[in-house]
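Coordinate analysis (summary)
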There are 2 protein chains.
Amino acid sequence: MTASADSVAFSDPVYREAVVDLLAAVGYGEVSAFERLAEDATLAPTLEDKVALGLFASQQIEKVASICARLTELGADPFTAMDSFRDGFESFHAHTAPSDWWEGLVKAYVGDGLANDFYREIAAFLDPQTRDLVLTSLEDTGHAEFAVDRVRAGIAADPKLAGRLALWGRRLMGEALTEAQRVAANRDALSALLAGGVDMPGLDLAAIGRMFARLTERHVERMTGLGLAH
Amino acid sequence: MTASADSVAFSDPVYREAVVDLLAAVGYGEVSAFERLAEDATLAPTLEDKVALGLFASQQIEKVASICARLTELGADPFTAMDSFRDGFESFHAHTAPSDWWEGLVKAYVGDGLANDFYREIAAFLDPQTRDLVLTSLEDTGHAEFAVDRVRAGIAADPKLAGRLALWGRRLMGEALTEAQRVAANRDALSALLAGGVDMPGLDLAAIGRMFARLTERHVERMTGLGLAH
């Protein structure tokens, strides 16, 4: 924390706690994405796809270091902070275990896309250093393109797949929203940040409402990109 | 393939085939190490250990690219070449599935150590470019130190663990030798290379015998390093 703008933001202990929560959620999300992609890799139909998934998995776990470093700077124990999000993520994954390669691809694409959109929206309201760190963590590494390419080819080869995956996409969106609300409800500082209780110009309940509308819109765009009706 | 020394070596088609087999085995071994370490990560007792294992896994999968590039240069399809080693690796893993975190740690340490020693021995007899590629692929990334540290601490906390893991180490060595012999027996060029049938000064059956003696010695050293009797 060097810039004076940061010092002003972090002089509010609720802001600091909310940022610790947010970074910890991003960090646990990266660990969780690594585990999920590595598991999906075991289902890959070819060795080439297996290696591709393995590389996407490794890009996720390698992002954790910079999150840990920043959490430490903010005075938090990074692993304790991240681990406190374990239940939320594991509950989401327990409710959305993919039954095959296709469901795994759609889940990673839809789930990461939604999470990234959400963090990107929030990042816009944060101090510059936290914002940059969050945005760097969200850089797409080619995984979205890979998923779209494979799912579209799969549907072209077996059109019946489209109906099943469209239902699956809707279910993922519902489970993600349920879980996100449950996690936020247990985090006073994070909820305060999201509800405008922290002094963040421009972020109030109306803005939150518009944000969720945008998230839903982008989810529909992603489903359409996969060749699936919402 | 640029140096003239390489061109001489690769003018022997059996040598080329043996090098393709060797690199393909190293490459599949990296994919397999990624999968195994990612699976071990799910058993980690703490989030910190999980992230550490995830990073070791990712270092493995990231080495595959340079192996693929060289296989392509040698005129082989890298994924077909690597995939031909699938049965050998999967059979080894099916016979040595770790039942817990400790067995996973010992397996990765002992198995990778043995494979690395073997490849390092063979590399000494190869053309410079192949040798450099193999040696780079074998660089330890801190995983051995991590495994030794964790296993020694585990035994200190629960001395009964030592007997079980010592037996486990012996079994791993036996299974690895069985599988390696079976794989080599199905690869004429690789067997010829190992038995001196390819023109490689200094590598004959007596040298192979001494090599296996050294591999066994180093295995014993590794087990001792873990605090385990062989």
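Notes on the structure follow. Bear in mind that the values here come from a model prediction, so they are computed numbers and not experimental data.

1. With respect to the overall build of chain A
Of regular secondary structure, chain A possesses twelve helices and zero strands. Helices and strands in chain A line up, N terminus first, as α-α-α-α-α-α-α-α-α-α-α-α. Taking 230 residues into account, the globule formula puts the C-alpha radius of gyration at 17 Å, and chain A, at 18 Å, falls close to it. In terms of overall dimensions, chain A has a C-alpha envelope of 55 × 35 × 25 Å along the principal axes. Split into buried and exposed, the 230 residues of chain A put 52% on the buried side. Long-range contacts, defined here as pairs at least 24 residues apart, represent 80% of the contacts in chain A between residues at least 6 apart. Summed over its atoms, the accessible surface of chain A is roughly 10,000 Å², and 57% of this surface lies on carbon and sulfur atoms. The average position of the 21 basic charges and that of the 35 acidic charges among the side chains of chain A differ by 5 Å.

2. Some thoughts on the packing of aromatic side chains
All names here are of chain A. Scanning all chains against the criterion turns up eight aromatic pairs over all chains. Between Phe-10 and Tyr-15, the aromatic rings sit 5.2 Å apart at their centres with planes inclined by 70°, giving edge-to-face as the arrangement. A relative accessible area of 4% places Tyr-15 in the buried class. Measuring from centroid to centroid gives 5.4 Å for Tyr-28 and Phe-89, while their planes differ by 35°, and the two rings are tilted. Placement of the pair is Tyr-28 in helix H2 (residues 13-41) and Phe-89 in helix H6 (residues 86-95), with a sequence separation of 61 residues. The pair Tyr-28 / Phe-89 is uniform in exposure class, with both members buried.

3. Some remarks on the nonpolar core
Counting residues in hydrophobic clusters, the biggest one holds 141 residues, and the most contacted among them are Met-82 and Leu-226 of chain A together with Met-82 of chain B. Aside from chain neighbours lying at most four places away, what touches Met-82 of chain B is Leu-47 of chain A together with Ala-24, Gly-27, Tyr-28, Val-64, Cys-68 and Leu-71 of chain B.

4. Describing the pattern of salt bridges
All chains considered together, the criterion is met by 26 salt bridges over all chains. Glu-35 of chain B is the partner of Lys-50 of chain A in a salt bridge, and the nearest nitrogen-oxygen pair spans 2.9 Å. Within this pair, whereas Lys-50 of chain A is found in helix H3 (residues 47-62), its partner Glu-35 of chain B is found in helix H2 (residues 13-41), the two belonging to separate chains. You'll find Lys-50 of chain A and Glu-35 of chain B in the same group, each marked buried. In this structure, Arg-218 of chain A and Glu-121 of chain A form a salt bridge, with 3.4 Å as the shortest nitrogen-oxygen distance. One end of the pair, Arg-218 of chain A, is in helix H12 (residues 205-225); the other, Glu-121 of chain A, is in helix H7 (residues 101-123), and 97 residues separate them in sequence. Classification of Arg-218 of chain A by relative accessible area gives partly exposed; the value is 27%. A cluster of three or more residues bridged by salt bridges with shared partners is formed by Asp-117, Glu-121, Arg-214, Arg-218 and Arg-222 of chain A.

5. Concerning the packing of H2 of chain B against helix H6 (residues 86-95) of chain B
Residue and element names in this part refer to chain B. Interaxial distance between H2 and H6 falls to 10 Å at its minimum, and their mutual angle equals 35°. Note that H2 runs across H6; the crossing there is right-handed. Taking contact as the criterion, the partners of Ala-25, Tyr-28, Gly-29, Ser-32, Glu-35 and Arg-36 in H2 are, on H6, Arg-86, Phe-89, Glu-90 and His-93.

6. Things to note about the environment of Asp-117 of chain B
All names here are of chain B. Locating Asp-117 in the fold gives a position in helix H7 (residues 101-123). Among the residues examined, Asp-117 registers a relative accessible area of 9% and is labelled buried. Remark: the alpha-carbon pair of Asp-117 and Val-19, spanning 98 residues in sequence, is separated by 17 Å.

7. A look at helix H4 (residues 64-73) of chain A
Residue and element names in this part refer to chain A. Within the sequence span of H4, burial applies to Val-64, Ile-67, Cys-68, Arg-70 and Leu-71. Along the axis of H4, the buried residues cluster in a sector spanning 165°; they form a single face. Remark: Gly-75 follows H4 within two positions and exhibits a positive phi of approximately 85°.

8. Focus on the interface of chain B and chain A
Counting residues at the interface gives 22 residues for chain B, matched by 22 residues for chain A. Between chain B and chain A the total buried area reaches about 1,900 Å² when both faces are included, carbon and sulfur atoms providing 75% of it. Put simply, chain B and chain A have two salt bridges between them. Scanning the region where chain B abuts chain A turns up four residue pairs in polar contact (both at pLDDT 80 or more). Those elements giving two or more residues to the side of chain B that touches chain A turn out to be H2, helix H3 (47-62) and helix H5 (78-83) of chain B. Class assignment for the residues of the side of chain B that touches chain A results in 13 nonpolar, three polar and six charged.

9. Some thoughts on the relation of the copies chain B and chain A
Once chain B is rotated about the relating axis by 180° and shifted along it by 0.0 Å, it coincides with chain A to within an RMSD of 0.0 Å. The superposition of one copy onto the other is thereby described by a two-fold rotation axis. For chain B, the smallest separation between a C-alpha atom and the rotation axis is recorded for Ser-58 of chain B, amounting to 2.2 Å. A shared interface surface links the copies, since 100% of the contact residues of chain B are contact residues in chain A too.

10. Remarks on the side chain of Lys-63 of chain B
Position of Lys-63 of chain B relative to the elements: it lies in the loop between H3 and helix H4 (64-73). Beyond its immediate stretch of four places on either side in the chain, Lys-63 of chain B contacts Glu-30, Thr-136, Ser-137, Leu-138 and Glu-139 of chain B.

What counts and how
- Residues numbered from 1 in each chain as written.
- Chains lettered and ligands numbered in written order.
- Predicted model: local features only at pLDDT ≥ 70, side-chain atom pairs only at ≥ 80, totals over all residues.
- Heavy atoms only, no water.
- Helix = DSSP H or I, 4+ residues; strand = E, 2+ residues; numbered from the N terminus.
- Rg over C-alpha atoms; globule rule 2.2 N^0.38 Å.
- Buried < 20%, exposed > 50% of the residue type's maximum accessible area, 1.4 Å probe, protein only.
- Contact = heavy atoms within 4.5 Å.
- Areas by Shrake-Rupley, 256 points an atom, 1.4 Å probe, with all protein chains shown as cover.
- Lys, Arg positive; Asp, Glu negative; His and termini not counted.
- Charge placed at Lys NZ, Arg CZ, Asp CG, Glu CD.
- Phe/Tyr/Trp six-rings, centres within 6.5 Å; stacked < 30°, edge-to-face > 60°.
- Core = buried A, V, L, I, M, F, W, Y, C linked by side-chain atoms within 4.5 Å.
- Salt bridge = Lys/Arg side-chain N within 4 Å of Asp/Glu carboxyl O.
- Axes fitted to C-alpha atoms, helices over the stretch in contact; angles between N-to-C directions.
- Left-handed = near helix turned anticlockwise from the far one by under 90°.
- Arc of directions from axis to C-beta.
- Buried area = accessible area lost by both parts, 1.4 Å probe.
- Polar contact = N/O pair within 3.5 Å; in protein donor to acceptor, adjacent residues only side chain to side chain.
- Nonpolar A, V, L, I, M, F, W, Y, C, P; charged D, E, K, R; others polar.
- Least-squares fit on C-alpha atoms with pLDDT ≥ 70 in both.

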